[in-house]
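This is what each chain is made of:
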Amino acid sequence: MKLDGRVAIVTGGGSGIGAATARLFAAEGARVAVLDADGEGAQTVAAALPDAMAVAVDVSDAPMVDAAVANVVAEFDRIDVLVHCAGLDVGEAWKQRLYDASVAQSKARTAGEPLPALGLTESLDDDSWRRVIAVNLDGTFFCCRAVLRHMVEQRSGVIVTMASNAAQLGVAGMPHYVASKAGVIGLTRSLAREFAPLGIRVNTIAPGGVDTPMFRRNAETVRRSAVANAPLGRVATPEEIANIALFLASDDSSYLIGETVNANGGTFLP
Ligand SMILES: NC(=O)c1ccc[n+]([C@@H]2O[C@H](COP(=O)([O-])OP(=O)(O)OC[C@H]3O[C@@H](n4cnc5c(N)ncnc54)[C@H](O)[C@@H]3O)[C@@H](O)[C@H]2O)c1
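What comes next is a walk through the structure.

### Describing the packing of helix α5 (residues 126-154) against helix α7 (residues 175-195)
Part 1 of the argument: Remark: α5 packs on α7, axes separated minimally by 8 Å, with the N-to-C direction vectors making an angle of 15°. Relative to α7, the element α5 lies roughly parallel. The crossing of α5 and α7 is right-handed. Along its contact with α5, which presents Ser128, Trp129, Val132, Ile133, Asn136, Leu137, Thr140, Phe141, Cys144, Leu148 and Val152, the element α7 presents Pro175, His176, Tyr177, Ala179, Ser180, Lys181, Gly183, Val184, Leu187, Leu191 and Phe195.

See below:
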């Protein structure tokens, strides 16, 4: 087994990619701490695993993150792996506005009329911007910082963060999500350089579409275009992304640091 005896924290472990990762890591011999803002979801996933614990935590709250990590160390003694999957996208109402504005633009394009503005970024309010950055970027930093304190003591550890192909493509009308995930890629590279000399490896995964509750909340057209843009002709399963997380968390990737694994079914192929 690839993670025999190791202790892994999986944030966002109550759903989607995180839940699939928690299950796979447990099957590979890890003791898993499932962290999620949805405490019930975390509890349900952890309860089905042989040696696991659940902690309810909002990753955008630094003291809460520190307390959750201390809780894991008290229970399992150490932290060998962090896979940070907790994240959120832009919310249903914003997605609906984005969808309606895109439809209006494509109707105008078809009719040969001047394109109307999407009218999105100009009206994005401060709180919406800050919430996405707070959860996706601050949350990644807070979780990495909390586990690094222990990994530095141990002089070993592996961190896998979760970016998105949106960070590299850019997505019209989603500047907050895109900026947060681009930040995750930069943060990952910075941590990789700083901590490699101490035996700690840090990498990120940038998925395209993945069939999770987050993805299923998108409009049908958005889901169809994710499929159409991937030469593989489908989006990923959460288990396929978990397999990549396992590779990055295990000794199989011992010479890989600061890497962004573009798990997007070939979307970036020229
Ligand atoms: N599904 C996709 O198509 C896709 C594509 C690219 C990147 N991603 C990224 O993958 C990661 C996992 O997404 P998923 O598709 O599994 O989504 P999901 O919604 O199924 O799971 C996300 C989990 O994060 C938790 N969470 C949200 N905010 C939190 C907070 N403040 N503190 C703690 N937990 C919180 C949720 O409760 C949920 O359990 C996210 O970072 C997402 O941005 C997903």
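### Considerations on the site of the ligand
Part 1 of the argument: What surrounds the ligand is a group of 29 residues, the closest being Ser15, Asp36, Tyr177, Lys181 and Thr212.
Part 2 of the argument: Within the side chain of aspartate 58, an N or O atom sits 2.9 Å from a nitrogen atom of the ligand.
Part 3 of the argument: Interatomic distance of 2.8 Å between a backbone N/O atom of valine 210 and an oxygen atom of the ligand.
Part 4 of the argument: Out of a free accessible area of 830 Å², the ligand has 91% covered by protein chains.
Part 5 of the argument: Those elements that provide at least two residues to the shell around the ligand are α1 (16-27), α5, α7 and α8 (213-216).
Part 6 of the argument: Among the elements that line the shell around the ligand, the one with the most residues is α8, at three residues.

### Quick word on the side chain of threonine 188
Part 1 of the argument: Relative to the assigned elements, threonine 188 resides in helix α7.
Part 2 of the argument: A relative accessible area of 1% means that threonine 188 is categorised as buried.
Part 3 of the argument: Among the polar contacts listed, one links the side chain of threonine 188 to the side chain of threonine 161, at a separation of 2.8 Å.

### A look at the sheet that holds strand β5 (residues 157-162)
Part 1 of the argument: With parallel pairing, the seven strands of this open sheet are ordered in space as β3-β2-β1-β4-β5-β6-β7. Looking at the sheet topology across the chains shown, the edges are occupied by β3 (52-56) and β7 (260-261).
Part 2 of the argument: Sheet topology note: the β5/strand β6 (residues 200-205) ladder contains six bridges and is parallel. Within the sheet, the bridge partner assigned to threonine 161 lies in β6 and is threonine 204.
Part 3 of the argument: Of the strands in this sheet, β5, β6 and β7 touch α7, which is tilted by about 160° from β6.

### Considering the pattern of salt bridges
Part 1 of the argument: Within this structure, the stated rule accounts for 10 salt bridges.
Part 2 of the argument: Here lysine 95 ties to aspartate 89 by a salt bridge, and the two come within 2.4 Å at their closest N and O atoms.
Part 3 of the argument: With a shortest N-O distance of 2.8 Å, aspartate 211 and arginine 216 are connected by a salt bridge.

### Observations concerning helix α3 (residues 62-76)
Part 1 of the argument: Its 15 residues give α3 an end-to-end C-alpha distance of 21 Å, which sits within 8% of 21 Å, the value for a rise of 1.5 Å per residue.
Part 2 of the argument: When α3 is considered as a whole, its buried residues turn out to be Ala62, Val65, Ala68, Val69, Val72, Val73 and Phe76. Buried residues in α3, looked at end-on, bunch into an arc of 140°, giving them a common side. The exposed set on the far side of α3, more than 90 degrees from its buried face, consists of Pro63, Ala74 and Glu75.
Part 3 of the argument: Looking at the buried positions of α3, the neighbouring elements they touch are β1 (7-11), β2 (31-36), β3 and α5.

### Examining the side chain of aspartate 80
Part 1 of the argument: Residue position: aspartate 80 is located in the loop between α3 and β4 (81-84).
Part 2 of the argument: In this structure aspartate 80 comes out as buried when scored by relative accessible area, which is 9%.
Part 3 of the argument: Only 2.8 Å separates the side chain of aspartate 80 from the backbone nitrogen of valine 7, close enough to count as a polar contact.
Part 4 of the argument: Of note is the side chain of aspartate 80, whose polar atom sits 2.7 Å from the side chain of arginine 78.

### Observations regarding the packing of α1 against helix α10 (residues 238-249)
Part 1 of the argument: Viewed as axis vectors pointing N to C, α1 and α10 meet at an angle of 55°, and their least axial separation amounts to 8 Å. By the angle class used here, α1 and α10 are oblique. When the axes of α1 and α10 are compared, the crossing they make is right-handed. For the pair α1 and α10, contact is made by Gly16, Ile17, Ala20, Thr21, Leu24 and Phe25 and by Pro238, Glu239, Ile241, Ala242, Asn243, Ala245, Leu246 and Ala249, respectively.
Part 2 of the argument: Tallied by class, residues from the contact of α1 with α10 come to 10 nonpolar, three polar and one charged.

Scoring rules and cut-offs
Here the residue numbering is sequential within each chain, running from 1 through the sequence in written order. Residue-level local features of this predicted model are given only where pLDDT is at least 70; pairs of side-chain atoms are given and counted only at 80 or more, and the full residue set underlies all totals for whole chains, interfaces and linings. No hydrogens and no water enter the side-chain calculation; it runs on all heavy atoms of the structure. Each axis is a line fitted through C-alpha atoms, and for a helix only the stretch in contact is used; angles between axes span 0 to 180 degrees, taken between their N-to-C directions. Helix and strand definitions here come from DSSP, where helices need a minimum of 4 consecutive H or I residues and strands a minimum of 2 consecutive E residues; each element is numbered from the N-terminal end. Any angle that falls under 35 degrees is termed roughly parallel, while one over 145 is termed roughly antiparallel, one within 65 to 115 roughly perpendicular, and all others oblique. Helix crossings fall into two classes, left-handed where the near helix is turned counterclockwise from the far one by less than a right angle and right-handed where it is turned clockwise. Between two residues, a contact is recorded if the distance between any of their heavy atoms is within 4.5 Å. Only a single heavy atom is needed: when it lies within 4 Å of a molecule or strand, its residue is near that molecule or strand. Distance and chemistry together define a polar contact, namely a pair of N or O atoms within 3.5 Å, with one atom able to donate a hydrogen and the other to accept it when in protein, and with adjacent residues in sequence counting only for side-chain atoms on both sides. Accessible areas in this description were obtained via Shrake-Rupley with a 1.4 Å probe; residue shielding takes into account the shown protein chains only. Burial classes: relative accessible area under 20% of the type maximum marks a residue as buried, over 50% as exposed, and values in between as partly exposed (1.4 Å probe, protein chains only). Think of it this way: DSSP has to see at least two bridges between two strands before they count as a pair. Basic side-chain nitrogens of Lys or Arg form a salt bridge, by our definition, when they fall within 4 Å of a carboxyl oxygen of Asp or Glu. One fewer than the residue count of a helix, multiplied by 1.5 Å, yields its expected span. Working note: the arc is built from the helix axis to C-beta atom directions. Side-chain classes are defined by residue name, with Ala, Val, Leu, Ile, Met, Phe, Trp, Tyr, Cys and Pro counting as nonpolar, Asp, Glu, Lys and Arg as charged, and the others, Gly among them, as polar.

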